[in-house]
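# Residue-level structure breakdown
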Amino acid sequence: MRRRLLRDSNLGDILFEGYDQAPPGKWRLMNDGHTVMMSLEGESMMEHINITSGGLRDKYRALQFHFHWGSLTGNGSEHTIDGHQYPMEMHIVHMNVQYKSIAEAKGHPNGLAVLSFLFKASDTDNSNYNTIVAGLKNISREGDFVDLSSTFCLDNLLPDTAQLSKYYRYKGSLTTPDCSEVVIWTVFEEPILISQSQLNAFVTTVHFPATGSTLLKMTNNFRSPQPLKNRKVYASRD
Ligand code: BO1
Ligand code: ZN
């Protein structure tokens, strides 16, 4: 069988713009009924945060980031590496700046670029996630949101820059309906360490939309890996 993971020497480092600065305005943490999402209050504020290079032909602007996770007893990442599923995954969603709106971007196979980070459980809290984890109790129900008082830059949430050189690249889809095939995916090899109790906070604190009087914990909000079909996955490094 033909190899489906290929090395692509053109996949150099992604250039992160504005990831090292606290953006103007406040981060808004919200429960949209499917996930826990962070966006900036007023979308135009996000114009400071962009990615280029790393094999991307265009500049992409950050819109929001959000999480997918499992349950107290199971894993919740949407991507697997060598068949290994991780407890949680974070997506930083970016839109191609050549399109005027998300609606327009969603009509093109290069419309969105999503950066994906896998999480690994560790014994010690990751203090960079304290603000988000502490905010979860304020967004227990669908539609809840809270503006976070503390400012922070996206860099703080990620592995060290030096560890971002190795990533996987493929063309795929949004992982929630309508699952449009408009995403250039980048999955970083290096996981983010977070404590088991911080992971548990996601599993036990937020809820799916209520059906009647039944409140269901938001768990397993991930899409299972899909067949690769004819797609190829490219690695930036051996
Ligand atoms: S994901 O990163 O593949 N899990 C993913 C899934 C769905 C969306 C984004 C990322 N949905 C879109 C919505 C738009 C919204 C945009 C940015 O996210 O369809 O309405 O504006 O928040
Ligand atoms: Zn996602």
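A few points on the structure. (Residues numbered from 1 in each chain as written. Chains lettered and ligands numbered in written order. Predicted model: local features only at pLDDT ≥ 70, side-chain atom pairs only at ≥ 80, totals over all residues. Heavy atoms only, no water.)

## Quick notes on the coordination of the zinc ion (ligand 2)
Protein coordination of the zinc ion (ligand 2) is provided by His66 (NE2), His68 (NE2) and His91 (ND1), with donor distances spanning 2.0 Å. Each of the 4 donor atoms bound to the zinc ion (ligand 2) contributes to angles spanning 101 to 117 degrees, and the resulting shape is tetrahedral. Look at where the donors of the zinc ion (ligand 2) fall in the sequence and you get H-x1-H-x22-H. Residue His66 is found in strand E6 (residues 56–69), and its partner His91 is found in strand E9 (residues 88–96); the two are separated by 25 residues along the sequence. Judged by its relative accessible area of 10%, His66 falls in the buried class. Residue classification places His91 among the buried residues on the basis of a relative accessible area of 1%. (Donors = N, O, S within 2.8 Å, 3.2 Å for Na, K, Ca; no water. Tetrahedral: all angles 85-135°; square planar, octahedral: opposite > 155°, others 65-115°. Helix = DSSP H or I, 4+ residues; strand = E, 2+ residues; numbered from the N terminus. Buried < 20%, exposed > 50% of the residue type's maximum accessible area, 1.4 Å probe, protein only.)

## Quick word on the site of ligand 1
As a structural note, the neighbourhood of ligand 1 is formed by 13 residues, with Gln64, Ile102, Lys106, Thr175 and Thr176 the closest of them. With respect to ligand 1, the side chain of Gln64 contributes an N or O atom lying 3.0 Å from an oxygen atom. Contact between ligand 1 and His66: a nitrogen atom at 3.2 Å from a side-chain N or O atom of the residue. Protein burial of ligand 1: of its 490 Å² of free accessible surface, 75% is covered by the chains. Looking at the shell around ligand 1, the elements with two or more residues in it are E6 and E9. In terms of residue count, E6 provides more of the shell around ligand 1 than any other element does, 4 residues in total. Looking at the shell around ligand 1 residue by residue, the classes come out as 6 nonpolar, 6 polar and 1 charged. (Near = heavy atom within 4 Å. Polar contact = N/O pair within 3.5 Å; in protein donor to acceptor, adjacent residues only side chain to side chain. Areas by Shrake-Rupley, 256 points an atom, 1.4 Å probe, with all protein chains shown as cover. Nonpolar A, V, L, I, M, F, W, Y, C, P; charged D, E, K, R; others polar.)

## Quick look at helix H3 (residues 196–205)
Buried residues of H3: Gln198, Leu199, Ala201, Phe202, Val203 and Thr205, and no others. Packing partners of the buried residues in H3 comprise strand E4 (36–40), E6, E9, strand E10 (112–122), helix H2 (130–135) and strand E14 (192–195). (Contact = heavy atoms within 4.5 Å.)

## Considerations on the environment of Phe65
Structurally, Phe65 can be placed in strand E6. Take Phe65: its relative accessible area is 0%, and that puts it in the buried class. Between the C-alpha atoms of Phe65 and Ile102, which are 37 residues apart in sequence, the distance is 15 Å.

## Observations concerning the nonpolar core
Within the largest apolar cluster, 46 residues are counted, with the highest numbers of intra-cluster contacts made by Phe65, Phe67, Met90, Tyr129 and Ile132. It is E6 that provides the largest number of residues to this core, a total of 6 residues. Beyond its immediate chain neighbours, meaning those up to four positions away, Tyr129 contacts Phe67, Met90, Phe119, Leu157, Ile192, Ile194 and Gln198. Counting residues in each nonpolar core, the second largest holds 19 residues, with Ile81, Tyr86, Val114 and Val182 among its members. (Core = buried A, V, L, I, M, F, W, Y, C linked by side-chain atoms within 4.5 Å.)

## What about the side chain of Ser195?
Checked against the element boundaries, Ser195 lands in strand E14. On the accessibility criterion, Ser195 (2% relative accessible area) is buried. Among the polar contacts made by the side chain of Ser195, one reaches the side chain of Asp125 at a distance of 2.6 Å. If we ignore the near neighbours within four places in the chain, the residues touching Ser195 are Ser122, Asp123, Thr124, Asp125 and Asn126.

## So, unusual backbone geometry
Cis geometry is found at the peptide bond from Pro177 to Asp178, where omega equals 10 degrees. Its location among the elements puts Asp178 in the loop between strand E12 (167–172) and strand E13 (183–188). You will see that Ser53, though not glycine, has its phi angle at about 60 degrees, which is positive. Tracing the chain through its elements places Ser53 in strand E5 (residues 50–53). The residue Asp82 is not glycine, and still its phi comes out positive at about 50 degrees. In this structure, Asp82 sits in the loop between strand E7 (80–81) and strand E8 (84–85).

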